[in-house]
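Read off the chains here:
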Amino acid sequence: MNARVEVKAQTLRCAVYTRKSSEEGLEQSFNSLHAQRNACESYIKSQVSEGWTALPSQYDDGGISGGTMDRPGLKQLLADIAAGLIDVVVVYKVDRLTRSLMDFSRIIEAFDGAGVSFVSVTQAFNTTTSMGRLTLNVLLSFAQFEREVTGERIRDKLAMSKAKGMWMGSITPLGYDKGDHVLVVNPPEAETVRNIYRRYLELRSVHQLCAELKVEGVRSKRWVTTKGRVLGGAVISRGALFYMLQNRHYLGEIPHKGHRHEGLHPAIVDVELFDAVQLKLADNRVVRRVRRVKAASALLTGRVFDGEGRRFSPTFSTGRTGRLHRYYVLAEVQQGRAGELHPDAIVRVGAEALEGFVLAELRRLSGRPQLTPEQIPLLLRRVELRSAGTHMILDRGELVGEDHPELALQDLEGRLGSRERMVVEPDGDGLRIALPRRMKLRGGKSWTAYAGEAPSAPKVDPAIVDALQRAHVMVSEWRDDERSLYRRRVRRLAFLSPTLQRRILEGRIPAGVTLVDMLRTEPPLRWSEQAAWLTSLPG
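In this text, all values refer to a predicted model and were calculated from it rather than measured experimentally.

Conventions we followed
- Residues numbered from 1 in each chain as written.
- Predicted model: local features only at pLDDT ≥ 70, side-chain atom pairs only at ≥ 80, totals over all residues.
- Heavy atoms only, no water.
- Pairing = 2+ DSSP bridges.
- Helix = DSSP H or I, 4+ residues; strand = E, 2+ residues; numbered from the N terminus.
- Axes fitted to C-alpha atoms, helices over the stretch in contact; angles between N-to-C directions.
- Parallel < 35°, antiparallel > 145°, perpendicular 65-115°, else oblique.
- Left-handed = near helix turned anticlockwise from the far one by under 90°.
- Contact = heavy atoms within 4.5 Å.
- Nonpolar A, V, L, I, M, F, W, Y, C, P; charged D, E, K, R; others polar.
- 1 Å grid on protein atoms, 1.4 Å probe; cavity = no way out; pocket = protein on both sides within 12 Å on 5 of 7 lines; lining within 4 Å.
- Points joined across faces, edges and corners; volume = space filled by probe spheres on them.
- Buried < 20%, exposed > 50% of the residue type's maximum accessible area, 1.4 Å probe, protein only.
- Phe/Tyr/Trp six-rings, centres within 6.5 Å; stacked < 30°, edge-to-face > 60°.
- Lys NZ or Arg CZ within 6 Å of the ring centre and 35° of its normal.
- Polar contact = N/O pair within 3.5 Å; in protein donor to acceptor, adjacent residues only side chain to side chain.
- Patch = residues over 30% accessible without salt bridge, like charges linked within 9 Å, V, L, I, M, F, W, Y side chains within 5 Å.
- Areas by Shrake-Rupley, 256 points an atom, 1.4 Å probe, with all protein chains shown as cover.
- Salt bridge = Lys/Arg side-chain N within 4 Å of Asp/Glu carboxyl O.
- pLDDT = per-residue confidence, 0-100.
- Expected span 1.5 Å × (residues − 1).

Engineer: Run through the sheet that holds strand β19 (residues 430-435), naming residues and quoting values.
Structural biologist: Two modes of strand pairing occur in sheets, parallel and antiparallel, and in both the strands are linked by backbone hydrogen bonds. In space, the 5 strands of this open sheet follow the order β12-β16-β17-β19-β18, with mixed pairing throughout. Each having just a single partner strand, β12 (304-306) and β18 (421-424) make up the two edges of the open sheet. The sheet shows a mean angle of 20° between the axes of neighbouring strands, direction not considered. Here strand β16 (residues 380-386) pairs with strand β17 (residues 389-395) via 6 bridges, running antiparallel. Residue V383 lies in a different strand from β17, and its bridge partner there is M392.

Put into structure tokens, the structure is as follows:
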């Protein structure tokens, strides 16, 4: 008697994935996604004898192109596959999964890594065989080809329509309303646009114009999406203002890929006004480009912050004499938002003074007197300019090295002053050194020193020396009717005692005393009293 052996089929958990590129028809009670799901579930039921069972979870992507992997339904599907919750993925057609060969290879690699099979209802193949893979690649190649051809047809139609001067969508610019493939002038908004062009020529600054428009309550174009959402109507940003001042739609043109076509809509800005604005924008771009090139050489770019974590950016200015003055300035100041800062906030520091201070401190803390400015980025992570002092965050590995780090840390602690603190950062790779010294808010030429600090080497202040030289020139060209208060104050320096003038030239004046300090109060006429006057200055 032969015994019958029944082998129970293994249960295979099947996930159905559906996708539709456009949102058209998705609001219907039975749409394309439902049709795909019904076909896939019917196929799964036909394989019940093989142990197939449909999972209740739905992996749907409606209104999303197959040319991208950024799809919520697909991401959830791949996450569940990685979690071992799926055995078979079923789709209506292979292009529902993706239309990109590169993306498809990634998806199939994820399927194979998890031991998941892939089935297309209308295209019979098995991904576990080489023939099945070849079939898939051929089908997907045609799907990608179809997508590319469709894209080319759309781009060609768009280019031809724009060549005829038609408006083909996107955001309607301020000054116009959207008509039937044509822009219609909105008179009040058009006058606002013309005023913006005229005010830019008067102010010559997008920053100032942006602030003025904000005060006047000028807002960007408001429009309603096809879903009924109201967008726009916000404060015009600097970027939007730059774009508006270069928008050739205001000349009655339709630009497309570097070409300019005569539009069906009328112009609202005349050519002379538009060209004048372009010339001024071009001049400003040249200045900004030079500024970026000169600022790029700053040693501490990207490493200077205030106590609140706001970044300082390098910049420069040139005086009437053409001399270059470099600074580190808070980004809020450069963006015209200085009014948002606290009145006592540090907003600008002299670049030479800051870089010299940082380099001197790094040489002292690292014990490397030959440290060059180019080596600063290796040691320094950031500098924080605080109201009560300066914090430097250093790279621990570069500072103490790998050999005997504990001994190196002890040496570093020995180099710290009595009022300086060292803290290991939470990540363990950085050292925070708190220095009780800060930049002077007036003058900004040097750091104030705390009591008990070892005297530093004499340092000549070029601003004071230059003023002293100009003072002697003014005396030789004496004018009783000198009207400039500043020039009269500078001229007083020529009457300082020879001893005091020698100390100025040799840099042997009290630390922290600046030219502003010396000009603020009148020195006594008696030479014997001038030394005490200089010492009393608030340096």
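Engineer: Outline the packing of helix α6 (residues 187-203) against helix α7 (residues 206-216), listing residues and values.
Structural biologist: Interhelical geometry of α6 versus α7 gives an angle of 130° and a closest axis separation of 9 Å. One way to sum up the angle between α6 and α7 is to call them oblique. In this structure, α6 crosses over α7, and the sense of that crossing is right-handed. Facing I196, R199, Y200 and L203 of α6, the residues of α7 in contact are V206, Q208, L209, E212 and L213. Partitioned by chemical class, the residues of the contact of α6 with α7 number 6 nonpolar, 1 polar and 2 charged.

Engineer: Explain unusual backbone geometry residue by residue, including any values.
Structural biologist: You will see that H181, though not glycine, has its phi angle at about 60°, which is positive. Mapped onto the fold, H181 is located in the loop between β6 (176-178) and β7 (183-185). In this model, K257 sits at a positive phi of 50°, which is unusual for a non-glycine residue. Here K257 is to be found in the loop between β10 (253-256) and β11 (259-262).

Engineer: Residue-level account of empty space enclosed by the protein, with values.
Structural biologist: By the definition in use, this model includes 1 cavity of 30 Å³ or more. When its volume is computed, the largest cavity comes out at roughly 30 Å³. The wall of the largest cavity is formed by I346, V349, L385, R386, G389, T390, R437, R438, M439 and W447. Where the lining of the largest cavity is concerned, the elements lending two or more residues are β16 and β17. A per-class count over the lining of the largest cavity returns 5 nonpolar, 2 polar and 3 charged.

Engineer: Please set out the environment of L78 residue by residue, giving values where relevant.
Structural biologist: Its location among the elements puts L78 in helix α2 (residues 72-82). A relative accessible area of 23% means that L78 is categorised as partly exposed. In this structure, the C-alpha to C-alpha distance between L78 and I107, residues 29 residues apart in sequence, is 8.2 Å. Other than its neighbours up to four places away in sequence, L78 contacts M69, A110 and F111.

Engineer: Quick rundown of the packing of aromatic side chains? Include the residues and the values.
Structural biologist: Following the criterion strictly, the structure yields 6 aromatic pairs and no others. Seen from their ring centres, F111 and F118 are 6.0 Å apart, and the 45° between their planes marks the pair as tilted. Here the aromatic rings of W478 and F495 are separated by 6.5 Å at their centres, their planes lie at 80°, and the arrangement is edge-to-face. Of this pair, W478 sits in the loop between α15 (462-476) and α16 (485-491) while F495 sits in the loop between α16 and α17 (498-506), and the two are 17 residues apart along the sequence. Judged by relative accessible area, W478 falls into the partly exposed class, the value being 44%. By the ring-pair criterion, three or more aromatic residues cluster together here, those being Y176, Y197, Y250 and F274. Over the ring of Y327 we find R348, and its NZ or CZ is 5.8 Å from the ring centre. Positioned above the aromatic ring of F305 is the side chain of R382, whose terminal nitrogen or guanidinium carbon lies 3.8 Å from the ring centre.

Engineer: So what's going on with the side chain of H265? Which residues, and what values?
Structural biologist: Looking at where H265 falls in the secondary structure, it is placed in the loop between β11 and α9 (271-295). Within the structure, the side chain of H265 is placed 2.9 Å from the backbone oxygen of H249, a separation counted as a polar contact. Once you skip the residues sitting within four places of it in the chain, H265 turns out to touch Y176, V182, L183, H249, G252, E253 and I254.

Engineer: So, a nonpolar patch on the surface: which residues are in play, and what are the values?
Structural biologist: Judged by side-chain polarity, M131, L134, V138, F142 and F145 come together as a nonpolar surface patch covering roughly 550 Å² of accessible area. Summarising the element assignment, L134 is placed in helix α5 (residues 130-163).

Engineer: So what's going on with the confidence of the model for the protein chain? Which residues, and what values?
Structural biologist: Taken as a whole, the protein chain shows an average pLDDT of 81; of its residues, 86% reach a score of 70 or greater. Confidence over residues 451-455 falls short of pLDDT 50; this stretch has 2 contacts with residues more than four positions distant or in other chains.

Engineer: Kindly report on the pairing of strand β4 (residues 88-91), identifying the contributing residues and their values.
Structural biologist: Because side chains alternate across β4, one face comprises the buried residues V88 and V90, and the other comprises V89 and V91, equally buried. With 3 bridges connecting them, strand β1 (residues 12-20) and β4 associate as parallel partners. Among the inter-strand pairings, V16 is bridged to a residue of β4, identified as V90. Sheet analysis places β4 next to strand β5 (residues 117-120), joined by 4 bridges and oriented parallel. Counted as the bridge partner of V89 is F118 from β5.

Engineer: With reference to specific residues and values, describe the environment of K257.
Structural biologist: Overall, the relative accessible area of 69% leaves K257 in the exposed class. Along the chain, K257 and A159 lie 98 residues apart, while their C-alpha atoms are 8.8 Å from each other.

Engineer: Tell me what's going on with helix α11 (residues 351-366), and back it up with residues and numbers.
Structural biologist: Its 16 residues give α11 an end-to-end C-alpha distance of 22 Å, which sits within 8% of 22 Å, the value for a rise of 1.5 Å per residue. Taken residue by residue, α11 has A351, A353, L354, E355, F357, V358, L359, E361, L362, L365 and S366 as its buried positions. The positive-phi residue at the C-terminal boundary of α11 is G367, with phi of around 70°.

Engineer: Just give me the short version of the packing of α15 against α17, but keep the residues and values in it.
Structural biologist: Interaxial distance between α15 and α17 falls to 9 Å at its minimum, and their mutual angle equals 140°. As far as their axial angle goes, α17 and α15 are oblique. Judged by the twist between their axes, the crossing of α15 over α17 is left-handed. In this structure, α15 contributes I464, V465, L468 and H472 to the contact, and α17 contributes Q501, I504 and L505.

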